[in-house]
Amino acid sequence: MSEYAEQHRRSLRFSFLDGIFAGGMIGFTQDFFTPFLLVLGAGAGLVGLLSSIPNLISALLQLKTADLAEKLGSRKKFIAAFVFIQAMVLFFLAGAAFRGGVSPVVFIALVTLFTSLGSFVMPVWGSLMSDLVAEKKRGEYFGWRNKVLGILIVVFSFIAGNILHVFEPAKIYQGFALIFGFAGIFRFISCYFLTRMYEPPLVPKKEDYFNFFMFIRRRRESNFAQFVLFVAAFNFTVYLASPFFAVFIVRELQFSYFLYTAVTVTATGMIFLMMGRWGRHADRVGNLRVLRFTAPVIAILPLLWIFNQDPAYLFFVQCVSGFAWAGFNLCASNFIYDAAKPEKRTRCIAYFNVVNGTAICF
C-alpha cells in the first residue's frame, strides 16, 4: 500500500473514532434540548424559536465559512478549533442545569451558539471527507458510516433518556446537567481524533471563487442551484410541524421521558439501519432517483400522526419516517459531493446550508 493510500486509510479510521464520540454528544443532546426548555417553563412559542433561531444564525454564519477556512490555510485546524469551542459550550449548559436552570431566552442563546459552531464546520468537514473517500464508494462508505454511528446515537439517546427517567421529577435539573456534561466530554474526545486526520492538499484558484449573490443569480441555469431550492422548499414545509412533535408527545400525550425517548429514537434508529442499503442502492441508480422516491413518502408523514396516538402505532409511523429520511438525507448530501468539484465544494456546501437553514428558520 502506498504512503498516500495509507494516510487516507488512517484518516478514515480516525474519522470513524471521531464519529463515535460525536455520536455520543448527539445522542445526549439532540432530542433533549426541547424537554429541558419545557422544564424551564417555556411554551410552544419559545419551542418554535429554539428550532428557528439556531438554524437561521447557523445558516448566515456559513456565508463566511469558506473565506475563513481559506485564510487559515488548513481545513483540519479550522474544524478542530471550532469543535473545541463547541465542547466548552456544552459545559456551560451543564453548569446552568446543575445550578437549577436559566431563563429560557438564555438557554436558547446557548443552544444557538452550540448549534452554530457545529454547523459552521460542516462545509469544511464535508470538503475534507469527500477528498478522502473515493467518488464511486461515497454512497457505500457514508451509508455504512452513518448506519454504525447512528446505532450508537440511538444507544446513547436511550442512556440519556433513562438517566432523566431516574432523576425525574425531584432532581431533573441534575439529570440534565449530567447528560450535557457527558456530551461535552464526548465532544472533547472527538476533537482529539479530528486532529489526527490527514489533510489532502487543496489550493483554491481565483477562478473558483464565487460569492453567495453570484450563486443566487445563477439559480435559473444552474442544476445545483435548482437542487438547493428544492431541498430548502421541502425542509421549509417539514419544519412547519417538526419542532412541535416533542411538545405534543411530552405535554399533550404526557409520555414519560423513557417512552418519549423510545418513540423519538425509533425514527433515528431506522434512519441509520437503512443508510447502508440506501447508499449501495444510490451508487447503482444515482442519488436523484432516490430523492424522487423518498420525498413524496416524507410529505405524508405528518398526516399519519392525526389518526392515532397509541405508542405502538407511533412506533410504526416512526419506522416509515426513518426509512424515507435515510435515503433522502444520505443522497442529498452525496448529490452535493458529486455536483461540485473539490475546489468549490466548501462554498457549495456552505451556500446550500445557508439557503436550507434560512428556509428551516422561516
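Everything numeric here is computed off the predicted structure, so don't read it as measured data.

Visitor: Would you mind showing me how to read the overall build of the protein chain here?
Guide: The secondary structure content of the protein chain amounts to 15 helices and zero strands. Taken over C-alpha atoms, the radius of gyration comes to 20 Å for the protein chain, in line with the 21 Å a tight globule of 362 residues would show. Burial status across the protein chain gives 53% buried among its 362 residues. Look at the contacts in the protein chain between residues 6 or more apart in sequence, and 86% of them connect residues 24 or more apart.

Visitor: What is the right way to look at the pattern of salt bridges in this model?
Guide: Side-chain pairs of opposite charge can arise whenever the charged atoms involved come near each other. Overall, the coordinates contain three salt bridges when judged by the stated rule. For E199, the salt bridge goes to R75, with nearest N and O atoms at 3.7 Å. A residue pair is termed long-range when its members are at least 10 positions apart, and E199 in the loop between α8 (172-195) and α9 (212-217) and R75 in helix α5 (residues 75-98) qualify at 124 residues. Taken together, the shared-partner salt bridges in this structure form one network comprising R75, D131 and E199.

Visitor: What is the right way to read the packing of aromatic side chains from this model?
Guide: Following the criterion strictly, the structure yields 38 aromatic pairs and no others. Look at Y192 and F193: their rings are 5.2 Å apart centre to centre, the planes differ by 65°, and that puts the pair in the edge-to-face class. Exposure remark for Y192: the relative accessible area of 43% places this residue in the partly exposed category. Residue classification places F193 among the buried positions, given a relative accessible area of 14%. Seen in terms of ring centroids, W278 and F323 are 5.3 Å apart; in terms of plane orientation they differ by 50°. Their pairing is tilted. Of the two residues, W278 is situated in helix α12 (residues 257-285) and F323 in helix α14 (residues 311-339); the sequence distance between them amounts to 45 residues.

Visitor: Got a minute to help me understand the side chain of N356 in this structure?
Guide: Relative to the assigned elements, N356 resides in helix α15 (residues 342-361). The exposure class of N356 is buried, given its relative accessible area of 10%. Within the local environment of N356, its side chain forms a polar contact with the side chain of N235, the two groups lying 2.9 Å apart. For N356, the contacting residues outside a window of four places in its chain are V231, A232 and N235.

Visitor: Which parts of the structure should I look at to understand the state of the cysteines?
Guide: In a disulfide, the sulfur atoms of two cysteines are covalently bonded to one another. Evaluated as defined, the whole model comprises zero disulfides. In this structure C348 is a free cysteine whose sulfur lies 18 Å from that of C331, the closest cysteine sulfur available.

Visitor: Whenever I open this one, the nonpolar core confuses me. Can you help?
Guide: One broad rule of soluble globular proteins: the nonpolar side chains tend to lie buried together. Counting 107 residues, the largest nonpolar core has I79, F107, F176, I179, F180, F215 and F227 as the members making the most contacts within it. No other element matches the 13 residues that helix α6 (residues 104-132) contributes to this core. Once you skip the residues sitting within four places of it in the chain, F176 turns out to touch F32, P35, F36, V39, A97, L164 and Y257.

Visitor: Mind showing me how you'd approach the packing of helix α10 (residues 223-238) against helix α13 (residues 287-307) here?
Guide: For any two helices packed against each other, one specifies the crossing angle of their axes together with the interaxial distance. Two elements in contact, α10 and α13, have axes separated by 11 Å at closest approach and are oriented at 20°. It follows from the interaxial angle that α10 and α13 lie roughly parallel. Where α10 crosses over α13, the two elements pack in a sense that is left-handed. On the side of α10, the interface is formed by F227, F230, F234 and V238, while α13 contributes L291, A295 and I298. Class assignment of the residues belonging to the contact of α10 with α13 gives a composition of seven nonpolar, no polar and no charged.

Visitor: Sorry if this is basic, but what is going on with a nonpolar patch on the surface here?
Guide: A surface patch of nonpolar side chains, about 690 Å² in accessible area, is lined by F84, I85, M88, F91, F92, L178, F182 and I185. Secondary-structure elements contributing two or more residues to the nonpolar patch are α5 and α8. When residues in the nonpolar patch are grouped by element, the largest group, five residues, is from α5. Considering the arrangement of structural elements, one finds L178 in helix α8.

Visitor: Quick question: what am I supposed to make of unusual backbone geometry here?
Guide: Of note, the phi angle at Q254 is positive, near 55°, even though the residue is not glycine. Following the sequence through the fold, Q254 ends up in the loop between α11 (245-252) and α12. Here Q254 falls in the exposed class, since its relative accessible area comes to 64%.

Visitor: Any chance you could explain the environment of A69 here in plain terms?
Guide: One can find A69 in helix α4 (residues 65-72). On the accessibility criterion, A69 (9% relative accessible area) is buried. Separated by 87 residues in sequence, A69 and F156 have C-alpha atoms that sit 32 Å apart. Ignoring sequence-local partners within four residues, the contact set of A69 consists of S74, F78 and V124.

Visitor: What is the right way to look at the confidence of the model for the protein chain in this model?
Guide: When pLDDT is low, close inspection of the predicted coordinates is not appropriate. Scored by pLDDT, the protein chain comes out at a mean of 86, with 97% of its residues at no less than 70. Within the protein chain, α8 carries the highest mean pLDDT (94), whereas α9 carries the lowest (79).

Visitor: Quick question: what am I supposed to make of the environment of A282 here?
Guide: Among the structural elements, A282 can be located in helix α12. Counting along the chain gives 45 residues from A282 to G327, while the straight-line C-alpha distance between them is 8.4 Å. Discounting residues that sit within four places of it in the chain, A282 has contacts with N287, V290 and C331.

What counts, and at which threshold
- Residues numbered from 1 in each chain as written.
- Predicted model: local features only at pLDDT ≥ 70, side-chain atom pairs only at ≥ 80, totals over all residues.
- Heavy atoms only, no water.
- Helix = DSSP H or I, 4+ residues; strand = E, 2+ residues; numbered from the N terminus.
- Rg over C-alpha atoms; globule rule 2.2 N^0.38 Å.
- Buried < 20%, exposed > 50% of the residue type's maximum accessible area, 1.4 Å probe, protein only.
- Contact = heavy atoms within 4.5 Å.
- Salt bridge = Lys/Arg side-chain N within 4 Å of Asp/Glu carboxyl O.
- Phe/Tyr/Trp six-rings, centres within 6.5 Å; stacked < 30°, edge-to-face > 60°.
- Polar contact = N/O pair within 3.5 Å; in protein donor to acceptor, adjacent residues only side chain to side chain.
- Disulfide = S-S within 2.5 Å.
- Core = buried A, V, L, I, M, F, W, Y, C linked by side-chain atoms within 4.5 Å.
- Axes fitted to C-alpha atoms, helices over the stretch in contact; angles between N-to-C directions.
- Parallel < 35°, antiparallel > 145°, perpendicular 65-115°, else oblique.
- Left-handed = near helix turned anticlockwise from the far one by under 90°.
- Nonpolar A, V, L, I, M, F, W, Y, C, P; charged D, E, K, R; others polar.
- Patch = residues over 30% accessible without salt bridge, like charges linked within 9 Å, V, L, I, M, F, W, Y side chains within 5 Å.
- Areas by Shrake-Rupley, 256 points an atom, 1.4 Å probe, with all protein chains shown as cover.
- pLDDT = per-residue confidence, 0-100.

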